Amino acid sequence: MEQNKDLNQFDIPFARRTHLNNSNSIFNKKLLILSPFLFLLFSIFALRLIRNIEIGSLDNLNFQDQINHDHRILGHLPYAEIPKEKLVLIEPNIEVHIDMRNSLLNMREEAKKDGIFLVFLSGFRSINLQNDIFYSLKSSRNQEAAERARVSAPPGYSEHSTGFAIDIGDAAHRETDFQTEFENTDAFRWLIKNAAKFHFKLSFNKNNKFIDYEPWHWRYEGSIEALKVFETSNREL
Ligand SMILES: [Zn+2]
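Reference entry: report on the structure contained in this document. (Residues numbered from 1 in each chain as written. Predicted model: local features only at pLDDT ≥ 70, side-chain atom pairs only at ≥ 80, totals over all residues.)

A word on the overall build of the protein
Defined as follows: Per the convention used, a helix needs a DSSP run of H or I reaching at least four residues, while a strand needs a run of E reaching at least two, with both numbered from the N terminus. Three exposure classes are used, all based on how many other C-beta atoms lie within 10 Å of a residue's own C-beta (placed from the backbone): buried at 20 or more, exposed at 12 or fewer, and partly exposed between those limits.
Each helix and strand counted, the protein has 7 helices and 6 strands in total. The burial tally for the protein puts 24% of its 237 residues in the buried class.

Below you can see the structure in the form of structure tokens.
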């Protein structure tokens with residue numbers, strides 16, 4: 001009995017060992033055959049990971065450093081340049097989006113009836129022109145970009161490139177053109193009272209935390225295209 005027991009004790013582990021050894025050896029052989037394929041798969045995976053980190057994630061990180069979640073740059077939202085065929089010349093040097101031409105001209109006519117003479121100072125501005133304005137004024141005034149951005153949009157970030165923005169002055173007080181003092185003119189008071197009837201809205205009011213108050217700068221929101229363009233801006237106000 002004792003001998004049998006000993007044999008049993010010996011047999012079982014031996015059998016297990018043999019089985020395991022056989023199994024290991026089959027597994028090792030399979031691994032040996034498959035190893036070039038596994039190496040290839042691993043290499044592809046590793047390369048893709050590295051590529052994603054280098055091209056994707058890191059770029060995204062840099063991009064995220066430059067802009068915040070709503071794509072503002074120095075407080076300004078990005079705006080695409082209007083296609084040329086949608087621009088119309090309403091007077092020398094003033095081009096606007098065709099959607100707002102009639103409304104803008106009607107507004108000037110209505111103001112005239114009330115004895116107010118509105119002057120159009122600036123309409124559409126190309127991204128190239130905005131580039132010149134932003135960088136030349138910045139260097140001539142020795143201003144930092146953030147400082148300059150309070151009074152002028154960086155190129156690609158101006159409402160003027162959409163054709164839906166218009167800077168307005170008072171013919172009786174040209175000294176207030178592009179000045180905060182424009183808010184003390186009859187033209188400004190008339191606009192505050194009447195501009196909404198013509199679908200115009202003051203873009204940068206006194207509550208804007210990034211951009212200085214611009215009583216002369218109005219934008220048109222009287223068409224679906226215009227509403228789409230200013231959707232983000234309106235949502236965040
Ligand atoms: Zn403006």
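Now, onward.
Remarks on the nonpolar core
The line we're drawing: Working definition: the nonpolar core is a set of buried Ala, Val, Leu, Ile, Met, Phe, Trp, Tyr and Cys residues, joined through C-beta atoms within 7 Å. What counts as a contact here is a pair of residues whose C-beta atoms, placed from the backbone, lie within 7 Å.
One finds Ile166, Ile168, Ala187 and Trp218 to be the most contacted residues of the largest nonpolar core, which totals 29 residues. Secondary structure elements with two or more residues in this core: α2 (98-113), β4 (165-170), α5 (186-194), β5 (200-202) and β6 (217-220). Counting residues per element, this core draws most heavily on α2, which supplies 4 residues. Discounting residues that sit within four places of it in the chain, alanine 187 has contacts with Ile116, Leu118, Ile168 and Asp170.

What about α2?
Rule in force here: Given a helix with a known number of residues, its expected span is that number minus one, times 1.5 Å. For this quantity, the arc is that covered by the directions from the helix axis to the C-beta atoms.
Across its 16 residues, α2 extends 24 Å between first and last C-alpha, which sits within 8% of the 22 Å expected from 1.5 Å per residue. Asp99, Met100, Leu104, Met107 and Ala111 are the residues of α2 that are buried. Taken end-on, α2 shows its buried residues confined to a sector of 85°, consistent with a single buried face. Exposed residues on α2 whose side chains face more than 90 degrees from its buried face are Asn106, Glu109, Lys112 and Lys113.

Considering the sheet that holds strand β3 (residues 118-122)
In plain terms, the rule: Pairing between strands is defined by DSSP: at least two bridges between the two strands are required. Axis angles are defined between N-to-C directions and span 0 to 180 degrees, where every axis is a line fitted to C-alpha atoms and, for a helix, only to the segment in contact.
An order of β3-β4-β6-β5 is seen for the 4 strands of this open sheet, with the pairing classed as antiparallel. Each edge of the sheet is formed by a strand with only one pairing partner; in this case those strands are β3 and β5. Each adjacent strand pair in this sheet contributes to an overall mean axis angle of 45°, direction not counted. Pairing analysis gives 4 bridges linking β3 to β4, with the strands arranged antiparallel. Paired with leucine 118 across the two strands is aspartate 170, which belongs to β4.

Digging into the environment of aspartate 177
With respect to the element layout, aspartate 177 can be found in the loop between β4 and α5. What makes aspartate 177 partly exposed here is the crowd of 16 C-beta atoms within 10 Å. Setting aside residues up to four positions removed in sequence, aspartate 177 forms contacts with Leu121 and Gly169.

Considerations on unusual backbone geometry
One non-glycine residue, phenylalanine 178, lies in the positive phi region at around 60°. Locating phenylalanine 178 in the fold gives a position in the loop between β4 and α5. For phenylalanine 178, a count of 15 C-beta atoms within 10 Å corresponds to the partly exposed category. Located in the positive-phi region is histidine 199, a residue other than glycine, with phi close to 70°. Note that histidine 199 resides in the loop between α5 and β5. Here histidine 199 falls in the buried class, since 20 other C-beta atoms lie within 10 Å of it.

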